[in-house]
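Structural overview for review
Residues per chain are reported as follows:
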Amino acid sequence: MPKDNRLDNLLNQVQQCQLCSEHLPFAAKPIIQLGSNAKILIAGQAPGQKTHHKGHPFDDASGERLRSWLGVTREQFYNPELFAILPMGFCFPGSYSAADKKSGDKPPRHECAATWRQPILNELKHIELTLLVGQYAIEWHLKQKLTVTKAVEQWQELWPKILVMPHPSPRNNIWLKRHSEFERLIIPKLQNRITELIKM
C-alpha cells in the first residue's frame, strides 16, 4: 500500500475508533490532524471540552497562545501538510469533579498511545521538529519521567529536533511568570525554526 494511502487508512480507522468510548463523558470523537508531508509534529495532551465540541485541535485560548508562540496564522496551523497534530489522547477524557478533589481535565486515555501512536509516527516520514506539549507527551516521547520544568531547563539537549514546552493553557500563567525565560529566550528561537521549516 502506498505511503499516503497507509496514512489515510490509519486516519480513517482512528476516526471510527471506539476503544475507550465507555470511559468518555461524550461520544468518542477523535481529533487529530495528519499530513504525509508535515515537517512539524505537535504532540499534545488531549482535546479539551471546547475543542471536542468545535472539532478542531487547539481551537481555544490555549491554541491562540500556541499559535502566538509558533508565530503562525490559523491557516498555516491548520494546514496538515505543515503541522501534524497528534495528542496523547484523541478524545476529550472528561474533567475532574469536586469529589475527585482535583481540578482540570483528566489524563489522556492510555488506549490511544498504545494502539495508534507508533503506527502513525511511522508514516510521518518528514518530521524535522517535534514539539512536546505537556508532561504526558514528554514522558512518552523521551521515555522518562521528568517534570515540565526540568525538561524545559534541558531544552538545548534536544534542540533543534525536539522542543519541550509547557502546555499553553491559561492555567499555566503562573508557571510562565515564574519561568519568563521560556517566552523571552526560547520562543524566538522556536519561531525562527518554524519559519525555516515552513519555507523549505
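Our structure is the block above this text.
What comes next concerns the included structure. (Residues numbered from 1 in each chain as written. Predicted model: local features only at pLDDT ≥ 70, side-chain atom pairs only at ≥ 80, totals over all residues. Heavy atoms only, no water.)

Looking at empty space enclosed by the protein
Applying the stated criterion to the full structure yields one cavity of 30 Å³ or more. What the largest cavity holds in volume is close to 50 Å³. Together, Cys-17, Gln-18, Leu-19, Cys-20, Ser-21, Leu-24, Ala-28, Pro-30, Phe-90, Cys-91, Cys-112 and Trp-116 line the largest cavity. Of the residues that constitute the lining of the largest cavity, the class distribution is 10 nonpolar, two polar and no charged. (1 Å grid on protein atoms, 1.4 Å probe; cavity = no way out; pocket = protein on both sides within 12 Å on 5 of 7 lines; lining within 4 Å. Points joined across faces, edges and corners; volume = space filled by probe spheres on them. Nonpolar A, V, L, I, M, F, W, Y, C, P; charged D, E, K, R; others polar.)

A few points about the sheet that holds strand E2 (residues 83-85)
A sheet is described by the order of its strands in space; here four strands give the open sequence E2-E1-E3-E4, paired in parallel fashion. Edge positions in the open sheet fall to E2 and strand E4 (162-165), since each of these has one partner strand only. On average, adjacent strands in this sheet sit at an angle of 15° to one another, irrespective of strand direction. Across four bridges, strand E3 (residues 129-133) lies against E4 in parallel orientation. Within E4, the residue paired with Val-133 across the bridge is Met-165. (Pairing = 2+ DSSP bridges. Helix = DSSP H or I, 4+ residues; strand = E, 2+ residues; numbered from the N terminus. Axes fitted to C-alpha atoms, helices over the stretch in contact; angles between N-to-C directions.)

Quick look at the packing of aromatic side chains
Aromatic ring pairs are defined here through the distance separating the ring centres and the angle between the ring planes. One pass over the structure, following the stated rule, counts seven aromatic pairs. Considering the side-chain rings of Trp-69 and Phe-182, the 5.1 Å spacing of their centres and the 75° angle between planes classify their relative orientation as edge-to-face. You can see Trp-69 sitting in helix H3 (residues 61-70) and its partner Phe-182 sitting in helix H9 (residues 181-199), a full 113 residues away along the chain. There is no split in this pair, since Trp-69 and Phe-182 are both buried. (Phe/Tyr/Trp six-rings, centres within 6.5 Å; stacked < 30°, edge-to-face > 60°. Buried < 20%, exposed > 50% of the residue type's maximum accessible area, 1.4 Å probe, protein only.)

Overview of the layout of surface pockets
Roughly 960 Å³ of internal volume is contained in the largest pocket. Lining the largest pocket are 36 residues, with Gln-45, Asp-105, His-167, Ser-169 and Arg-171 sitting closest to its centre. Elements represented by at least two residues in the lining of the largest pocket include exactly helix H2 (49-54), H3 and helix H6 (135-142). The leading source of residues in the lining of the largest pocket is H2, at three residues. Of the residues that constitute the lining of the largest pocket, the class distribution is 16 nonpolar, 14 polar and six charged.

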